[in-house]
Amino acid sequence: MTCGIEFFFKNQTLLLLPQKAILWKEQKTLILADVHLGKTAHFRKAGIAVPPQLAAKDLEVLSGLIDEHQPETVIFLGDLFHSDKNSDWHEFALWRKKYAKRSMVLIKGNHDIIKEENFLNLDITVQEEMLMGPFRLAHHPLKSEEIEKHKAYTLCGHIHPGVHLRGKGRDSVTLSCFSFGAFQAILPSFGKFTGRVAIQHQETDRVFGILNDKVIAF
């Protein structure tokens, strides 16, 4: 069983999961960002030694979430596939067939350069952004000048957000996190081969860090 934190937000119940995804209970929808499938194969093709099992592990974790929570829809907030089609695409296509009855949507990210028809052939809808309930689903976070343009609260990715914690002495750690600000929430990167960047948070932000198999509210 997966442990997470239920966050009641915008009159919706969001289960923030330590696997770096959100289960939107009312919509029976699983939302995640920045999987970056194909990144390991991309690096190996360039002669950089990267363990090939990382991509398979990401799909294994995603399978576990779908099997446990039984969402009707899975929404990827961009950067599902890191590069052009490579050896990881075939594995992804086989994985998609396993969950053929689930609706899947890709909100296009800057790394999603594979032709849209390839995703459509796998019955994955591709959109630039979408409105769903009180939320606007996108890949890129809003810039300050764009806030007035969008009335719906934005859920997005792209940044790979982290929260930096300092302990006694010089001890410190940066944890992946869900960051809910005044106008938008930035999801952590789902992929294991992605890293994280500590971002500056406002005092009014709701930040949830991810520590192993736990989600911690700060």
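Structure shown above.
Now for a quick tour of the structure. Values in this document were obtained by computation on a predicted structure and should not be read as measured data.

**Some thoughts on the layout of surface pockets**
Part 1 of the argument: Taken as a whole, the second largest pocket encloses approximately 290 Å³ of empty space.
Part 2 of the argument: The wall of the second largest pocket is formed by 15 residues, among which Gly181, Gln184, Ile186, Gln202 and Asp205 lie closest to the centre.
Part 3 of the argument: Here the residues of the lining of the second largest pocket are counted per class, giving 7 nonpolar, 7 polar and 1 charged.

**Examining the packing of aromatic side chains**
Part 1 of the argument: If you walk through the whole model with that rule in mind, you get 14 aromatic pairs.
Part 2 of the argument: A ring pair is formed by Phe81 and Trp89, whose centres lie 5.3 Å apart and whose planes are at 75°; its orientation type is edge-to-face. One exposure class covers both Phe81 and Trp89, and it is buried.
Part 3 of the argument: Here the aromatic cluster, defined as three or more aromatic residues joined through ring pairs, consists of Phe7, Phe9, Trp24, Phe135, Tyr153, Phe180 and Phe208.

**With respect to the side chain of Thr13**
Part 1 of the argument: Note on placement: Thr13 falls in strand β2 (residues 12–17).
Part 2 of the argument: Residue contacts for Thr13: discarding those within four places in its chain leaves Glu6, Phe7, Phe8, Leu23, Trp24, Lys25 and Glu26.

**Regarding the nonpolar core**
Part 1 of the argument: Within the largest apolar cluster, 29 residues are counted, with the highest numbers of intra-cluster contacts made by Leu30, Leu32, Phe76, Phe92 and Phe119.
Part 2 of the argument: Not counting the four nearest positions on each side in its chain, Leu32 is found in contact with Lys20, Ala21, Leu62, Val74, Ile75, Phe76, Leu77, Leu187 and Phe190.
Part 3 of the argument: Membership of the second largest hydrophobic core comes to 25 residues, among which are Ile75, Leu77, Tyr153 and Ile210.

**Structural notes on empty space enclosed by the protein**
Part 1 of the argument: In total, this model carries 3 cavities of 30 Å³ or more according to the counting rule given.
Part 2 of the argument: In this model, the second largest cavity occupies a volume close to 40 Å³.
Part 3 of the argument: Here the lining of the second largest cavity is composed, by residue class, of 4 nonpolar, no polar and 4 charged.

**Details of the pattern of salt bridges**
Part 1 of the argument: A complete count under the given rule lists 6 salt bridges for this structure.
Part 2 of the argument: In this structure, Lys57 and Glu60 form a salt bridge, with 3.6 Å as the shortest nitrogen-oxygen distance. Note that Lys57 and Glu60 are positioned in helix α2 (residues 53–69) at a spacing of 3 residues, about one turn of the helix.
Part 3 of the argument: Look at Lys57 and you get partly exposed, because its relative accessible area is 35%.
Part 4 of the argument: Across the pair Asp123 and Arg96 runs a salt bridge whose closest N-O atoms are separated by 3.8 Å. With Asp123 in the loop between α4 (116–120) and β7 (124–127) and Arg96 in helix α3 (residues 87–98), the pair connects residues that are 27 residues apart, well separated along the chain.
Part 5 of the argument: Since its relative accessible area comes to 52%, Asp123 is described here as exposed.

Calculation criteria
Residues numbered from 1 in each chain as written. Predicted model: local features only at pLDDT ≥ 70, side-chain atom pairs only at ≥ 80, totals over all residues. Heavy atoms only, no water. 1 Å grid on protein atoms, 1.4 Å probe; cavity = no way out; pocket = protein on both sides within 12 Å on 5 of 7 lines; lining within 4 Å. Points joined across faces, edges and corners; volume = space filled by probe spheres on them. Nonpolar A, V, L, I, M, F, W, Y, C, P; charged D, E, K, R; others polar. Phe/Tyr/Trp six-rings, centres within 6.5 Å; stacked < 30°, edge-to-face > 60°. Buried < 20%, exposed > 50% of the residue type's maximum accessible area, 1.4 Å probe, protein only. Helix = DSSP H or I, 4+ residues; strand = E, 2+ residues; numbered from the N terminus. Contact = heavy atoms within 4.5 Å. Core = buried A, V, L, I, M, F, W, Y, C linked by side-chain atoms within 4.5 Å. Salt bridge = Lys/Arg side-chain N within 4 Å of Asp/Glu carboxyl O.

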